[in-house]
Amino acid sequence: MRATLLILAMMTSMTDHAQTANRVAPPPPAPPRPYEFPRAASRTLANGLRVFVIEDRRLPLVTASMQLLAGHAYAPPEKAGLAMMTAALLREGTKTRSSQQIARAVDGAGGRLEANAGNDVATISMTFLKSHADTGFELMADIVENPVFAPEELERQRQQALSGLQVQYASAQYLASAAAARNILGTHPYAWPGDGTPDTVAALQREDVVAFYERFYAPNRAWLVIAGDVSADEGFAQAEKWFGGWKKQGPADDPLPPAPEPEPRVLVIDMPTENQTQIAVGQPGVPRNHPDYIALQIGNQIFGGSFNSRLNMKLRANEGLTYGANSYFEPSRFAGIFEASTFTRTEKTADAIRMLVDLLKEFRENPATDEEFAEAKAFLNGSFAIATETAGSVASRVLTAEVHGLGSDYWQRYRERLEKTTRAEVESAVRRFLRPDRLAVTAVGNAKEFSRALEAFGPVRVIPAAELDLASPEMVKRKQ
């Protein structure tokens, strides 16, 4: 018996040693594989629409994606949700097609036709087989140029949106993300909830949608990218055929204000029945065209951008406070957000926030070791090619470069810029950007169990979830 136990102990020790050895000595990152981002041919139509065509013959598919400066930031806060509602209604009926006829035409050709809205832009995209590309372009042009915004379709979309908001407003995770944007950006145009609120969505009128569409949907505020089994000449001919006759003139592209200066503050959304707390800690970020963006992306990959990041390893693996923690930049054209988020048991809320803030302070002082720096660059370099495998993803990146003014050769030189970025540049960018003494802390959970302990991070404001109004400057519903 003693001999058996001794053998088992030796086997266990050998297994532990082997596992430890594997953890200590992971294989080094492989050198980046060759990859060349395809070049786009470009032309501007007489109506101001900027067109880009990327030939990719690997599959018999044609993708077209149009982005217009008609995102959430162009809707007033009392009309939050208007940009999303306008985009959603585009494919729900035109002057010559009903919503059902559009759906049957798309399904019958085995294609895809979508419309949505983000902070800066509304996006309308289609993918069809090469043999049905004409159908796809015709439908796309029809919903962009001839929507009717029928009252019954508006009401149907409204009910769907309100049903979704009812579910989202019961979710601490959703409220933490939406409230964090307000806590970080205040009343900046990017701070308001793009989905709207139950009150703003319920109050939207057809006249609001029509006025928003008439003002912001215009070719001089749009970019069109065509990618896939199509030559440059074929792509430009399709663009001219379907969009060349679109005669509208929208307002000039005026810049939005910069993000506010970061300020230490704590916002607690009280949900007394929750036994966990959703946490978001952040500050205003940078616009997508900021010269430090690549360096900050490398830094974020180290801090909270992967499973083995400093943040996740500390809060999850070492302290057992959560099942997950991450951080990210959300850049838009004129401002952005940097946020680190996690969740934990109610009684550990203050501990988790303290560790997160301390990690950010430590990160600012020591942004990267040589090993972390090499791994982060290898990941971003390797994942870039994987994330641009389809014609749709290539089109999306071309639109990103154009909408954000990154330059026509940005993606061709992206990996070169990434590789040339030095550890010193990452450290310098992180220290210039990160303000651990001016963080906006947002916590959604049982407030009475932790709100007082959060006073160390700034003035604490508690709002009951039932009184929260994300579209109000004060963030609380007006008393009736």
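Everything below is about the structure printed above this text.
Residues numbered from 1 in each chain as written. Predicted model: local features only at pLDDT ≥ 70, side-chain atom pairs only at ≥ 80, totals over all residues. Heavy atoms only, no water.

**Considering the pairing of strand β7 (residues 265–270)**
Here's step 1: Counting buried residues in β7 gives five out of six residues, a clear majority hidden from the surface.
Here's step 2: Bridge count between β7 and strand β11 (residues 440–445): six bridges; the pairing is parallel. Residue pairing in the sheet places Asp270 in a bridge with Gly445 of β11.
Here's step 3: Two strands pair when backbone bridges link them, and β7 and strand β12 (residues 460–464) are joined in this way by five bridges, in the parallel orientation. Residue pairing across strands places Val266 opposite Val460, the latter belonging to β12. (Buried < 20%, exposed > 50% of the residue type's maximum accessible area, 1.4 Å probe, protein only. Helix = DSSP H or I, 4+ residues; strand = E, 2+ residues; numbered from the N terminus. Pairing = 2+ DSSP bridges.)

**Considerations on the sheet that holds strand β2 (residues 50–55)**
Here's step 1: Strands sit in the order β1-β2-β6-β3-β5-β4 across an open sheet of six strands; the sheet is mixed. Of all the strands in the sheet, the pair left with one neighbour each is β1 (41–44) and β4 (112–117). Recorded for the sheet is a direction-independent mean angle of 15° between the axes of neighbouring strands.
Here's step 2: With respect to the sheet, helix α9 (residues 232–243) is in contact with β1, β2, β3 (61–68) and β6 (222–228), its orientation differing from that of β2 by roughly 145°. (Axes fitted to C-alpha atoms, helices over the stretch in contact; angles between N-to-C directions. Contact = heavy atoms within 4.5 Å.)

**A word on the packing of aromatic side chains**
Here's step 1: This structure, assessed with the given rule, holds 17 aromatic pairs.
Here's step 2: Aromatic pair Phe149 and Tyr213: ring centres 5.4 Å apart, planes at 65°, arrangement edge-to-face. In this pair, Phe149 is assigned in the loop between α4 (133–145) and α5 (151–168) and Tyr213 in helix α8 (residues 206–216), connecting sequence segments 64 residues apart.
Here's step 3: A ring pair is formed by Tyr169 and Tyr174, whose centres lie 5.9 Å apart and whose planes are at 45°; its orientation type is tilted.
Here's step 4: You can call Tyr169 buried: its relative accessible area is 18%.
Here's step 5: Three or more aromatic residues joined by ring pairs make a cluster, and in this case those are Tyr35, Phe37, Phe384, Tyr410, Trp411 and Tyr414. (Phe/Tyr/Trp six-rings, centres within 6.5 Å; stacked < 30°, edge-to-face > 60°.)

**Details of helix α12 (residues 349–365)**
Here's step 1: With 17 residues, α12 ought to run about 24 Å at 1.5 Å a step, and its terminal C-alpha atoms sit 25 Å apart, in line with that.
Here's step 2: Among the residues of α12, those classed as buried are Thr349, Ala352, Ile353, Leu356, Val357, Leu359, Leu360 and Phe363. Buried residues of α12, viewed axially, fall in a sector of 155°; they line one side.
Here's step 3: Where α12 is buried, its residues touch β8 (276–284), α10 (293–303), α11 (310–318), β10 (336–345), α16 (423–433) and β11. (Expected span 1.5 Å × (residues − 1). Arc of directions from axis to C-beta.)

**Re α8**
Owing to its 3.6 residues per turn, the α-helix brings residues three or four apart onto one side.
Here's step 1: Asp208, Val209, Phe212, Tyr213 and Phe216 are the residues of α8 that are buried. On an axial view of α8, the arc spanned by its buried residues comes to 125°, and they lie on one face. Opposite the buried face of α8, by more than 90 degrees, sit the exposed residues Glu207 and Arg215.
Here's step 2: Residues of α8 that are buried make contact with α2 (82–89), α4, α5 and α7 (198–203).

**Focus: the packing of α10 against α16**
Here's step 1: Interhelical geometry of α10 versus α16 gives an angle of 90° and a closest axis separation of 8 Å. As judged from the angle between their axes, α10 and α16 are roughly perpendicular. Here Ala295, Leu296, Ile298 and Gly299 of α10 come into contact with α16, specifically with Glu425, Val426, Ala429, Val430 and Phe433.
Here's step 2: Across the contact of α10 with α16, the residue classes break down as seven nonpolar, one polar and one charged. (Parallel < 35°, antiparallel > 145°, perpendicular 65-115°, else oblique. Nonpolar A, V, L, I, M, F, W, Y, C, P; charged D, E, K, R; others polar.)

**Looking at the environment of Val225**
Here's step 1: As for its placement among the helices and strands, Val225 is situated in strand β6.
Here's step 2: For the pair Val225 and Ser309, spaced 84 residues apart in the sequence, the C-alpha separation amounts to 35 Å.
Here's step 3: Discounting residues that sit within four places of it in the chain, Val225 has contacts with Phe52, Ile54, Thr63, Ala64, Ser65, Ala395, Val398 and Leu399.

**A short note on the sheet that holds β7**
Backbone-to-backbone hydrogen bonds join strands into a sheet, with any given pair of strands oriented parallel or antiparallel.
Here's step 1: Within the open sheet, the six strands sit side by side as β9-β10-β8-β11-β7-β12. Their pairing is mixed. Looking along the sheet, the strands with just one partner apiece sit at the ends: β9 (325–331) and β12. Across the sheet, the mean angle separating the axes of adjacent strands is 20° when strand polarity is ignored.
Here's step 2: Two strands pair when backbone bridges link them, and β8 and β10 are joined in this way by nine bridges, in the antiparallel orientation.

**Examining unusual backbone geometry**
Here's step 1: The phi torsion at Phe149 lies on the positive side, around 50°, for a residue other than glycine.
Here's step 2: Residue class for Phe149 comes out buried when judged on its relative accessible area of 3%.
Here's step 3: A positive phi angle, near 70°, is found at Met475, a position not held by glycine.
Here's step 4: Summarising the element assignment, Met475 is placed in the segment after β12.
Here's step 5: Of the residues examined, Met475 reaches a relative accessible area of 6% and is grouped as buried.

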